[in-house]
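# Examination of the molecular architecture
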Amino acid sequence: MYDYDLLVVGSANADLVIGVERRPAAGETVLGSDLAVHPGGKGANQAVAAARLGARTALLARVGDDAHGRLLLDSLREAGVDTVGVLVGGAPTGVALITVDPSGDNSIVVSPGANGRLTPQDVAAAGCLFHSSRVVSAQLEIPLETVVEVVRNLAPESRFVLNPSPPRPLPSEVLAACDPLIVNEHEAKVILGDSAVGDTPEDWARILLAKGPKSVVVTLGEQGALVASAAGVSRVPAVKVHAVDTTGAGDSFTAALAWRLGAGASLAEAASYAARVGAVTVTKEGAQASFPTAAEVAGS
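Please read these numbers as outputs of a predicted model, since none were measured by experiment.

## Focus: the overall build of the chain
Broken down by element type, the chain carries 11 helices and 13 strands. In terms of overall dimensions, the chain has a C-alpha envelope of 55 × 45 × 45 Å along the principal axes. For the chain, buried positions account for 53% of its 300 residues. When the accessible surface of the chain is summed, it comes to about 13000 Å², and 53% of that surface belongs to carbon and sulfur atoms. Once the 22 positive and 32 negative side-chain charges of the chain are each reduced to a mean point, those two points are 4 Å apart.

## Some points on the packing of helix α9 (residues 249-262) against helix α10 (residues 267-281)
A pair of packed helices is characterised by two quantities: the angle between their axes and the separation of those axes. Closest axis-to-axis distance for the α9/α10 pair is 8 Å, and the angle between their directions is 145°. Remark: the crossing between α9 and α10 carries right-handed chirality. The segment α9 lies against α10, with Ala 249, Ser 252, Phe 253, Ala 256, Leu 257, Trp 259, Arg 260 and Leu 261 engaging Leu 267, Ala 270, Ala 271, Tyr 273, Ala 274, Ala 275, Val 277, Gly 278 and Thr 281. Class assignment for the residues of the contact of α9 with α10 results in 13 nonpolar, 3 polar and 1 charged.

## Re the sheet that holds strand β6 (residues 94-100)
Strand pairing in a sheet is mediated by backbone hydrogen bonds. Such pairs are either parallel or antiparallel. The 4 strands are arranged β3-β2-β6-β7 in an open sheet whose pairing can be described as mixed. Two strands lie at the open edges of the sheet, namely β3 (36-40) and β7 (106-111), each paired on one side alone. Looking at each pair of strands side by side, their axes are set apart by 20° on average, direction ignored. Of the pairings in the sheet, the one linking β6 to β7 comprises 6 bridges and is antiparallel in character. When the bridges of β7 are listed, Ala 96 appears paired with Val 110.

Scoring rules and cut-offs
- Residues numbered from 1 in each chain as written.
- Predicted model: local features only at pLDDT ≥ 70, side-chain atom pairs only at ≥ 80, totals over all residues.
- Heavy atoms only, no water.
- Helix = DSSP H or I, 4+ residues; strand = E, 2+ residues; numbered from the N terminus.
- Buried < 20%, exposed > 50% of the residue type's maximum accessible area, 1.4 Å probe, protein only.
- Areas by Shrake-Rupley, 256 points an atom, 1.4 Å probe, with all protein chains shown as cover.
- Lys, Arg positive; Asp, Glu negative; His and termini not counted.
- Charge placed at Lys NZ, Arg CZ, Asp CG, Glu CD.
- Axes fitted to C-alpha atoms, helices over the stretch in contact; angles between N-to-C directions.
- Left-handed = near helix turned anticlockwise from the far one by under 90°.
- Contact = heavy atoms within 4.5 Å.
- Nonpolar A, V, L, I, M, F, W, Y, C, P; charged D, E, K, R; others polar.
- Pairing = 2+ DSSP bridges.

Here it is in structure tokens:
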């Protein structure tokens, strides 16, 4: 019996957002809106998204002993995430400085802060969390060597889901553990590198599979998604909605897919449900504030 449906290992950031009429050129100062501070980071986002859907969720992450860290802990607990694995101290909480213009385009500078101090030793010390979790999900806003240690600490029957964002080449040990590897078009091309032959997502998925993952999901925005495994490659249609803000949509998709896989759904079934979760997410502003409950998804 597992205590958790999903253990997320990843980042927790404070998003500092300022609206601007236009982004400044080099050496230029522009006036912006009032500063808005939101809880974010791919790890915290995925944990909150899964918990909102009803998954028993834990997060392994590191925040600073500061106001931003307390903001993140409060947000996680309010959503129902078990924060026993959230370590405090060692560096300031990670921060994303975001400027957004009227068209919705943004520029982001990230200071990893405490996220960069989540070490392999922290993972090894959290063995009880890994053995209590049906599915483990990770991203790449924490050190790659820490993600490698996550793979080495997986329980024999648990499933590993990886969204390699921000993308970088991955060691074969990590690729072989992925079930699935979840990528968008940009992430797929970075991981494929010189192997990126072919012009279709089906091509990318087949080549990615040949690199070792047990399964692959390619997200295609308004065109839905594609799932690939030894059983074949198939498309998952998009859910048509009026998008207001796409922030966090990828995180909610990954969280929903990981949770449904752990509940016994097939890859295609889990991706279809995740597409619905992502679609509801983009109809509201913000990241964590926009993540839906299972009832909201059912009614969509």
